[in-house]
Structures are given as structure tokens and as C-alpha cells.
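# Structural overview
Listed here are the chains, written in short residue letters.
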Amino acid sequence: MKMNVNVELDAGAKTFASGLLPDLIAALRRSRKGDLVAVISDDPAIGPELEAWCRFTRNSLVDTAIEEGRSRWVFRHGEAHETIAEDRPVGSRLWLYTNFDCNLSCDYCCVRSSPKAPRRALGIERVRRIATEAVELGVAEIFVTGGEPFMLPSIGEILAACAAAAPTTVLTNGMLFAGNRLRMLRALPRERVTLQISLDSPTPKRHDSHRGKGTWARAWNGIERARAEGFRVRLAATVSTDAEAEEFRSFLDAHHVSEENRVIRRIALRGSATQGIALAKSDLVPEVTITAEGVFWHPVGAEDNDLLVSREIFPLAESFAAVRRAFDREFEHQRRLAMIFNCA
Ligand code: SF4
């Protein structure tokens, strides 16, 4: 899907040797910090130089695509408004995307999940092998996400296998805790499994506008059901502005939800989202993420080529090593830039 931008620069056949640089500077002057600028070119060969220019100028490259036979790069003017950087070792967290299909089709879903999205299942056998190898690699936490993981008949086995390896959090919209699924949930060890349930606003209006009519009430029921079953519940809100974040914080305070049981994050401009924070690889500290398609840099772009690290999942140690090598390369770029711009 074509990424919406604030400024478009049709570079024709220009290269850095024939006048592209002044055009880029002019495009920056026409935009504000945080805006997205697209460069469209007949010449795909300018890609590596454009990427280097983005690094040097700290305007992160956030998308690359071919469109009607022409190349289109999108970079963000300036550094991210907000990064998702966390201070934890690469490989301490492991993310598993179990299926990709979902009972909802939220308008900002970062991996385009929906009832129509084809199931791309990791499968219980692969999950068992991942869990076994994760123990040897010292993974401290496993995060299981879907689409909606509770769409899977095998989710009970998947979560049990993960929980046996490390404390496990399952991300869910909380709407499917009934019947067999509730029985599966009841069989899980409370001390090893946390439910992270999405709730975007204190009242239904905004949550339902992104996720569908009636979803806030059903999510709230799911939260109460999970708590009644004795699970630790973490509430996760996806918001557009600081004001929305603050409003949700007050709501959580009023409901005595502790800091460790809350996550408030901004919409990322990935997947189905048409607005949000444009995040490049260099904005994200890697958290190894495994899907049926391979190993990715971070869960926020688990189907995006710019964040794909390897198509091979096993051995897991090699996947982890590939992510660390990619991180080292990224770090080395930053270090070189720091040296080049070290003026005194
Ligand atoms: S954001 Fe979550 S609940 Fe919404 S479509 Fe995506 S996976 Fe489903």
C-alpha cells in the first residue's frame, strides 16, 4: 500500500551527481519536522546514496517501494517524535506472531490483520521447537501475538509450551473468552501467563471508532473475565496524541491499575495505519520477532521487508545472531556518524 506523505519530490532521472541534492534540500525546506517526504525516481540506483544521505542528515528512511515501474523512497524529516527504544539486551524478549488472522480489522493494525487476512500459522510444532531453543538462549520473556491468537484451536498448547520456557504474555483483544477457548484459558498456569488486553480509551467512543462498534464493551467484559479467572491483566492502549495518553492514564489511575500492568503507545505508521509515527529500523531497538515468514527486527513491522532479518527461523541461535549482527551494523553507522560530526 502506498504510504501517504506530506511532500512529493519527482526526481526524474536526477542523481546526486546531477542536481538531486539541491532538490532534497528544497523539499526539506517545504516540510516541517516529522513530515514524510517521498522521492520518486526513474533510477533505482540512487537508492544506496539516498540511504547514506538519510543517515548523514538524520532523516530516517521509512519506506521503499516500486510503483508503476518507478522507485519511491519515503523519509521522515528529522528524528522520530517518539522512539520505542528500551534498555534491554537484544534477545531477552522473544515475540511470536502465531497466525495474523483476527476477528477485528482495526484501522491502525500494524500488520493488516482482519477476518479476511489469510492465516499464516506458526504452528504448534515450530512453537515447541522455538520454546525449547529459547530456554537454551536465555530468553527472559515471550510475547505471543496474532492477529488474534485466540482464533487458533491450538492456542492453549502454544501458550503452555511458551510458558514452560519463560514467563509469557499473550496479546489479545479479549473478546473470545468463552466456550472451548475459556476452557483452554483456565488450564494455563496463572503464575506464568499474563494477558495483555487492548483498550484504547476510557469510554467506548474512540476505541470503537478504530476497532468497531461494541468492541469496547466486549473488551471490558474480557478484562473482567480474565481477572476473575485469576490472571494478571495488563491493559494496552494505542493512542494518537499526548492528550489521549494522559486521559487514559487518569482512567487507569482511577481504576488502580499499576504501572507494570499498563502500556500506552502511539499509533505506528505501519500496516493499515494511514497516520501515526513513521518508524524506521534505526528508531527501534530490536526485539527478535518470529512469524511463519521468518525473523523480523521488531514486532511493529512483522511483515515489512525493511525489518526482515532472515527467512530461516532455525536454528534459533542463528536467528538471534543475525539480529545481533544487524544491530551491530546499525550501531556502527551511528558511531561513524558521531565521529564525522564530532566538531570539537
Ligand atoms: S490491532 Fe489487534 S485486534 Fe486489531 S486487527 Fe490488529 S491484531 Fe486484530
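All of the points below concern the structure found in this document. (Residues numbered from 1 in each chain as written. Predicted model: local features only at pLDDT ≥ 70, side-chain atom pairs only at ≥ 80, totals over all residues. Heavy atoms only, no water.)

### A short note on the overall build of the protein
Within the protein, the secondary structure is distributed over nine helices and 13 strands. Here the C-alpha radius of gyration of the protein, 21 Å, is about what a compact globule of 344 residues would show, namely 20 Å. For the C-alpha atoms alone, the extent of the protein along its principal axes is close to 65 × 45 × 45 Å. By element, 52% of the accessible surface of the protein is carried by carbon and sulfur atoms, the whole surface being about 16100 Å². The centroid of the 46 positive side-chain charges in the protein is displaced by 3 Å from the centroid of its 46 negative side-chain charges. (Helix = DSSP H or I, 4+ residues; strand = E, 2+ residues; numbered from the N terminus. Rg over C-alpha atoms; globule rule 2.2 N^0.38 Å. Areas by Shrake-Rupley, 256 points an atom, 1.4 Å probe, with all protein chains shown as cover. Lys, Arg positive; Asp, Glu negative; His and termini not counted. Charge placed at Lys NZ, Arg CZ, Asp CG, Glu CD.)

### A closer look at the sheet that holds strand β3 (residues 61-67)
Strand order in this open sheet of four strands is β1-β2-β4-β3, and the pairing throughout is mixed. Two strands in the sheet have a free side with no partner beyond their single neighbour: β1 (7-12) and β3. Going across the sheet, the axis of each strand differs from the next one's by a mean of 20°, ignoring polarity. Where β1 meets strand β2 (residues 36-41), five bridges bridge the pair, whose relative direction is parallel. Each residue of the ladder has a partner; that of Val7, found in β2, is Val37. Most of the contacts of helix α1 (residues 20-29) go to β1, to which it runs at about 170°, and overall it touches β1, β2 and β4 (70-76). (Pairing = 2+ DSSP bridges. Axes fitted to C-alpha atoms, helices over the stretch in contact; angles between N-to-C directions. Contact = heavy atoms within 4.5 Å.)

### Quick notes on the pattern of salt bridges
Scanning the model with the defined rule gives 30 salt bridges in all. Arg72 is paired through a salt bridge with Glu8; the nearest N and O atoms lie 3.1 Å apart. Of the two residues, Arg72 is situated in strand β4 and Glu8 in strand β1; the sequence distance between them amounts to 64 residues. Residue classification places Glu8 among the partly exposed positions, given a relative accessible area of 40%. The closest approach of N and O atoms between Glu247 and Arg206, which form a salt bridge, is 3.1 Å. With Glu247 in helix α8 (residues 242-254) and Arg206 in helix α6 (residues 204-211), the pair connects residues that are 41 residues apart, well separated along the chain. When salt bridges that share partners are traced, they join Arg112, Arg120, Glu293 and Glu303 into one network. (Salt bridge = Lys/Arg side-chain N within 4 Å of Asp/Glu carboxyl O. Buried < 20%, exposed > 50% of the residue type's maximum accessible area, 1.4 Å probe, protein only.)

### Overview of the nonpolar core
Ranked by internal contacts, the top residues of the largest apolar core, which has 55 residues, are Leu94, Leu96, Phe150, Leu195 and Ile290. Looking at this core element by element, the count peaks at seven residues for helix α4 (residues 155-165). Discounting chain neighbours no more than four positions away, the residues touching Leu195 are Phe150, Val170, Phe177, Leu185, Ala226, Phe231, Arg232, Val233 and Arg234. By size, the runner-up hydrophobic cluster in this structure holds 15 residues, among which are Ala27, Leu50, Cys54 and Trp73. (Core = buried A, V, L, I, M, F, W, Y, C linked by side-chain atoms within 4.5 Å.)

### Notes on the sheet that holds strand β11 (residues 289-291)
Strands sit in the order β10-β9-β8-β7-β6-β5-β11-β12-β13 across an open sheet of nine strands; the sheet is mixed. Edge strands, defined here as strands with exactly one partner in the open sheet, are β10 (262-266) and β13 (308-310). Shown here is a sheet whose adjacent strand axes are inclined to one another by a mean of 25°, direction ignored. The pairing of strand β5 (residues 93-97) with β11 spans two bridges and is parallel. Residue Leu96 lies in a different strand from β11, and its bridge partner there is Ile290.

### Describing the pairing of strand β9 (residues 232-239)
Counting buried positions over the eight residues of β9 gives seven, a clear majority of the element. Examined bridge by bridge, strand β8 (residues 193-198) and β9 share five bridges and lie parallel to one another. Across the sheet, residue Ser198 finds its bridge partner in β9, namely Ala236.

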